[in-house]
2 protein chains.
Amino acid sequence: MYYIGVDIGGMSIKAGIVDENGNVLKKQTIISEAEKDGLLIVNDIANLIRDIAASFSISLADVDGIGLGFPGSVYDEKGEVVYCCNINLVKIPLVKILTKELGVKNIKISNDANCAVLGETLFGAGKGAKNSVLITLGTGLGTGIIVNGKLLTGNHSAGAEGGHMQINIGGPTCGCGAKGHYEAYASATALIAQTKAAMEKHPESLMNEIAQKDGLDGKTAFTAAKQGDKVANAVVKRYIKYIGMGLVNFGNLFYPEIIMVGGGISKEGDYLVKPLQRYVSRNVYGSMYNPKIKVVAATLGNDAGIIGAASLAMKY
Amino acid sequence: MYYIGVDIGGMSIKAGIVDENGNVLKKQTIISEAEKDGLLIVNDIANLIRDIAASFSISLADVDGIGLGFPGSVYDEKGEVVYCCNINLVKIPLVKILTKELGVKNIKISNDANCAVLGETLFGAGKGAKNSVLITLGTGLGTGIIVNGKLLTGNHSAGAEGGHMQINIGGPTCGCGAKGHYEAYASATALIAQTKAAMEKHPESLMNEIAQKDGLDGKTAFTAAKQGDKVANAVVKRYIKYIGMGLVNFGNLFYPEIIMVGGGISKEGDYLVKPLQRYVSRNVYGSMYNPKIKVVAATLGNDAGIIGAASLAMKY
């Protein structure tokens, strides 16, 4: 069976032909015109889907379903884009438009973090789990949640916004304007701010040297910590604890079999994930009476978006 | 159709005959011997079920199902009591024992907060909702969650422990020993501690007079605030904000159609619920693009436990 997964971004749109086992058989990427005019993206997506099918020598009639991952708010059941910070689309019935345009009946859409958790749970790090949570540590902090084998979306698909969970009273300001949100402590952006503050306070820290050479980013503190820099080590330890706090909340609420960590920061692998595992096992309520919640890095990497989107259209 | 709902407590066990519309047709209560010996409760429950059926003139063969609400940790799918602070039962296959004892096949068990949200969502304040959250403000803070029309229980039914969600870094210590948990800010116990601290700091506050007359409890600050006492008003306002913080987190994660507030404090009605509604509407992410999350008081009152337990055994 052939599915097409489309990973929509502010800068580019990626599409892939995906089989029912989550294998990506072909990929294609285009630059998105979305920043100029949101509606242009609709044609971009339709053309990309036609192109990738043609270059794989199948007709759209051979496609069993198309899934779209969108980097913003989506009303899944209605197939409607609600709004997005980076792409100027408000209340657009994207699924209806594409169904008409392409003649494919099974088209689904969801938020990109929802797609990612679905892809990782069906075909990646969380394979076999009935309950799972994925967080993506990037510019923001995205969360996707599977409960009883199904995506948790909430009324009007407005849920699963775990980045905006309050973990502190007061504290740094989130992208949404509120204070104390998980995203403001545990996103890559938050880590960079924490790194910068520590660098300014400790000009002697190796982080300053590394940042001057490679630029300041989410790797700076990790790189310096691995080389024995104490200030960097404290930054990393505290940052991991912040991530852990949110994961413990997910553990207490969802008690999933597995929590997966994705996004740029997750490339730190065991260095990040092992202490997170300890923190979660130690702090989730009832851990001593129940099976351990596994904490692992996501495994689908760059293809997560495509595979996740495609899996929206599968019977799962 | 006849169901029997059993509401198990540390001090008493209540049972009720409940029809398929959630009406309680008959009720009976016994004092629990559980504090002496946990296993005695098994016979108590079996006898209570036999008694109430007999006194309603039906045989157990006429009973379509029995549901048990347990005030502790339960492994629902296995029908097993895992542990409990107040009743000395560890890893007891309660459903299996009762099935053998009573000859009724459809026996289900869950945590009492799970029962409450199920009862309220099927037959009470949340009727018709596909996604709902109930918090009970009592000695502790219980949470029950419905996602896509089903109870959220998590792996080994260890989830839905929203009282142990961290809403602050540091802060007061929770019953479980950790700091900054929702329960330590928003339970009735927490309100009493907040009231007491304000009374000590402000001997002139009306709360002192009220507490001396009626005893200090979860009503003290509300009663004084309603009579114009400024210190009490500040206690109540802050307490409501604490409750709201957790509700906003539930809103962001589950985006339910409705959040219900139960337990002793919920008797404050609109005085409590209206400001909570404002706080939730103002602070849940994406509120302006999506239907309002309703915040209401639970309505089943003392029968919630029985109706909720009975509904476990219904096809819903």
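Further up the page is the structure itself.
Let me begin by describing the structure that accompanies this report. Worth saying up front: this structure is predicted, and the values here are computed from it rather than measured. (Residues numbered from 1 in each chain as written. Chains lettered and ligands numbered in written order. Predicted model: local features only at pLDDT ≥ 70, side-chain atom pairs only at ≥ 80, totals over all residues. Heavy atoms only, no water.)

1. Some thoughts on the overall build of chain A
Note the following rule: Strands here are runs of E lasting at least two residues and helices are runs of H or I lasting at least four, both read from the DSSP assignment and numbered beginning at the N terminus. The buried label goes to any residue with under 20% of its type's maximum accessible area, the exposed label to any with over 50%, and the partly exposed label to all in between, with areas taken from a 1.4 Å probe on protein chains only. Contacts are assigned to residue pairs that have any heavy atoms within 4.5 Å of one another. Accessibility throughout is a Shrake-Rupley quantity obtained with a 1.4 Å probe, and a residue counts as covered only by protein chains that appear here. Charge assignment: positive for Lys and Arg, negative for Asp and Glu; neither His nor the chain ends contribute. By convention, charge coordinates are those of NZ in Lys, CZ in Arg, CG in Asp, or CD in Glu.
For chain A, the count of helices and strands is ten helices and twelve strands. Principal-axis analysis of the C-alpha atoms gives chain A an extent of 60 × 50 × 35 Å. Burial statistics for chain A: of 316 residues in total, 58% are counted as buried. The long-range fraction of contacts in chain A, counting pairs at least 24 apart against all pairs at least 6 apart in sequence, stands at 62%. Here chain A has roughly 13000 Å² of accessible surface; of this, 51% comes from carbon and sulfur atoms. Averaging the positions of the 31 positive and the 28 negative side-chain charges in chain A gives two centres separated by 7 Å.

2. Details of the interface of chain B and chain A
Rules: Two parts placed together each lose some accessible area; with a 1.4 Å probe, that loss summed over both constitutes the buried area. Between N or O atoms, a polar contact is any pair within 3.5 Å; within protein, one atom must be a potential hydrogen donor and the other a potential acceptor, and residues adjacent in sequence are included only when both atoms are from side chains.
Contacts between chain B and chain A engage 39 residues on the former and 40 residues on the latter. Interface of chain B and chain A: buried area, both sides summed, is about 3800 Å²; carbon and sulfur atoms make up 60% of it. The three residues of chain B that bury the most area against chain A are Asn155, Leu253 and Tyr285 of chain B, which together make up 19% of that side's buried surface. Taken together, chain B and chain A are joined by 18 residue pairs in polar contact (both at pLDDT 80 or more). Looking at the side of chain B that touches chain A, the elements with two or more residues in it are strand S6 (80-83), strand S9 (141-147) and helix H8 (230-254) of chain B.

3. A word on helix H10 (residues 304-312) of chain B
Along H10 of chain B, nine of the nine residues are buried, which leaves the element largely enclosed by surrounding structure. Among the residues making up H10 of chain B, those that are buried are Ala304, Gly305, Ile306, Ile307, Gly308, Ala309, Ala310, Ser311 and Leu312 of chain B.

4. Description of the pattern of salt bridges
Residues and elements named next belong to chain A. What counts is decided by this rule: Salt bridges are defined by distance alone: a side-chain nitrogen of Lys or Arg within 4 Å of a carboxyl oxygen of Asp or Glu.
Applying the stated rule across the entire model yields nine salt bridges over all chains. Across the salt bridge formed by arginine 50 and glutamate 101, the nearest N and O atoms sit 3.0 Å from each other. With arginine 50 in helix H1 (residues 40-55) and glutamate 101 in helix H2 (residues 94-102), the pair connects residues that are 51 residues apart, well separated along the chain. By relative accessible area, which is 42% here, glutamate 101 ends up partly exposed.

5. Observations concerning the pairing of strand S2 (residues 12-18) of chain B
On a regular strand, one side chain projects to one face of the sheet and the next to the other, so that they alternate. Residue and element names in this part refer to chain B. Test applied: Note on pairing: DSSP must find at least two bridges between two strands before they are called paired.
Judged by how many residues are buried, S2 sits mostly within the fold: five of seven residues are covered. Relative to S2, strand S1 (residues 2-8) runs antiparallel, the two being bridged by six bridges. The partner of glycine 5 across the bridge, within S2, is glycine 16. Taking the residues between adjacent antiparallel strands as the criterion, S1 and S2 are bridged by three residues. Direction of pairing for S2 relative to strand S3 (residues 24-31): antiparallel, over a ladder of seven bridges. Counterpart to alanine 15 in the pairing with S3 is glutamine 28. Where S2 hands over to S3, the hairpin turn is made up of five residues, of which glycine 22 adopts a positive phi near 85°.

6. A short note on the packing of aromatic side chains
Formally: Here a pair means two rings of Phe, Tyr or Trp (six-membered ring of Trp) with centres within 6.5 Å. Their orientation is stacked below 30 degrees between planes, edge-to-face above 60, and tilted elsewhere.
Counted by the stated rule, this structure contains 15 aromatic pairs over all chains. With a centroid separation of 3.8 Å and an interplanar angle of 10°, the aromatic rings of tyrosine 289 of chain A and tyrosine 83 of chain B are classed as stacked. Pair noted here: tyrosine 289 of chain A is in the loop between helix H9 (270-283) and strand S12 (294-297) and tyrosine 83 of chain B is in strand S6, and the two residues belong to different chains. Assessed through its relative accessible area of 36%, tyrosine 289 of chain A is described here as partly exposed. Taking 6.1 Å as the distance between ring centres and 70° as the angle between the ring planes, the aromatic pair formed by tyrosine 182 of chain B and phenylalanine 250 of chain B counts as edge-to-face.

7. Quick notes on a positive patch on the surface
Residue and element names in this part refer to chain A. To keep it simple, the criterion reads: Patches were defined on residues exceeding 30% relative accessible area and lacking a salt bridge, with like-charge contacts within 9 Å and nonpolar side-chain contacts (Val, Leu, Ile, Met, Phe, Trp, Tyr) within 5 Å.
On the surface, a cluster of positive charge is contributed by Lys78, Lys91, Lys96 and Lys100. By the secondary structure assignment, lysine 96 is in helix H2. Since its relative accessible area comes to 64%, lysine 96 is described here as exposed.

8. Quick look at the side chain of glutamine 194 of chain A
All names here are of chain A. Of note, glutamine 194 is situated in helix H5 (residues 188-201). There is a polar contact of 3.0 Å between the side chain of glutamine 194 and the backbone oxygen of tyrosine 185. The contact partners of glutamine 194, leaving out residues within four places of it in the chain, are Ala184, Tyr185, Val235, Arg238, Tyr239 and Tyr242.

9. Topic: the sheet that holds strand S1 (residues 2-8) of chain A
Residue and element names in this part refer to chain A. Definition in use: Interaxial angles span 0 to 180 degrees and are taken between N-to-C directions of axes, which are lines fitted to C-alpha atoms, for helices over the stretch in contact.
Spatial strand order, S3-S2-S1-S4-S7: five strands in an open sheet with mixed pairing. In this open sheet, the two edge strands, each paired with only one partner strand, are strand S3 (24-31) and strand S7 (107-111). Going across the sheet, the axis of each strand differs from the next one's by a mean of 15°, ignoring polarity. With respect to the sheet, helix H10 (residues 304-312) is in contact with S1, strand S2 (12-19), S3, strand S4 (63-70) and S7, its orientation differing from that of S1 by roughly 125°.

10. Things to note about the relation of the copies chain B and chain A
What counts here: The superposition of copies rests on a least-squares fit of C-alpha positions from residues with pLDDT of 70 or more in both.
For the pair chain B and chain A, the superposition axis carries a translation of 0.0 Å, the fit reaches an RMSD of 0.0 Å, and the rotation angle comes to 180°. Accordingly, the operation relating the two chain copies is best matched by a two-fold axis. Within chain B, asparagine 168 of chain B has its C-alpha nearest the rotation axis, a separation of 1.9 Å. Interface residue correspondence from chain B to chain A reaches 100%, placing this contact among same-surface, isologous pairings.

11. A few points about the sheet that holds strand S10 (residues 150-151) of chain B
Residues and elements named next belong to chain B. Strand order across the open sheet formed by five strands is S10-S9-S8-S11-S12, with mixed pairing between neighbours. Two strands in the sheet have a free side with no partner beyond their single neighbour: S10 and strand S12 (294-297). Both strand S11 (residues 258-262) and S12 contribute to a ladder of four bridges, which runs parallel. When the bridges of S12 are listed, isoleucine 259 appears paired with valine 295.

12. As for unusual backbone geometry
Peptide bonds are, in most cases, trans, and in most cases residues other than glycine have a negative phi. All names here are of chain A. Look at asparagine 148: it is not a glycine, yet its phi comes out positive at around 50°. Structurally, asparagine 148 is set in the loop between strand S9 (141-147) and strand S10 (150-151). Here the phi dihedral of tyrosine 255 falls at roughly 30°; this positive angle occurs in a residue that is not glycine. In this fold, tyrosine 255 is placed in the loop between helix H8 (230-254) and strand S11 (258-262).

13. Considering the packing of helix H5 (residues 188-201) of chain B against H8 of chain B
Residue and element names in this part refer to chain B. Selection rule: Relative orientations are named as follows: roughly parallel for angles under 35 degrees, roughly antiparallel for angles over 145 degrees, roughly perpendicular for angles from 65 to 115 degrees, and oblique for any other angle. For any helix crossing, the convention is left-handed if the near helix is rotated counterclockwise from the far helix by under a right angle, and right-handed if that rotation is clockwise. Classification convention: Asp, Glu, Lys, Arg as charged; Ala, Val, Leu, Ile, Met, Phe, Trp, Tyr, Cys, Pro as nonpolar; all other residues, Gly among them, as polar.
Put simply, H5 and H8 touch, their axes get as near as 10 Å, and they point 150° apart. Relative to H8, the element H5 lies roughly antiparallel. Handedness of the crossing formed by H5 with H8: right-handed. The residues of H8 that touch H5, namely those facing Ala188, Leu191, Gln194, Thr195 and Ala198, are Val231, Val235, Arg238, Tyr239 and Tyr242. Considering only residue class, the contact of H5 with H8 consists of seven nonpolar, two polar and one charged.

14. A word on the packing of helix H3 (residues 112-123) of chain A against H10 of chain A
Residues and elements named next belong to chain A. Packing of H3 against H10 leaves a shortest axis separation of 7 Å and a crossing angle of 85°. What the angle tells us is that H3 and H10 run roughly perpendicular. Within the contact between the two elements, H3 uses Cys115, Leu118, Gly119, Glu120, Leu122 and Phe123 and H10 uses Ala304, Ile307, Gly308, Ala309, Ser311 and Leu312. Tallied by class, residues from the contact of H3 with H10 come to eight nonpolar, three polar and one charged.

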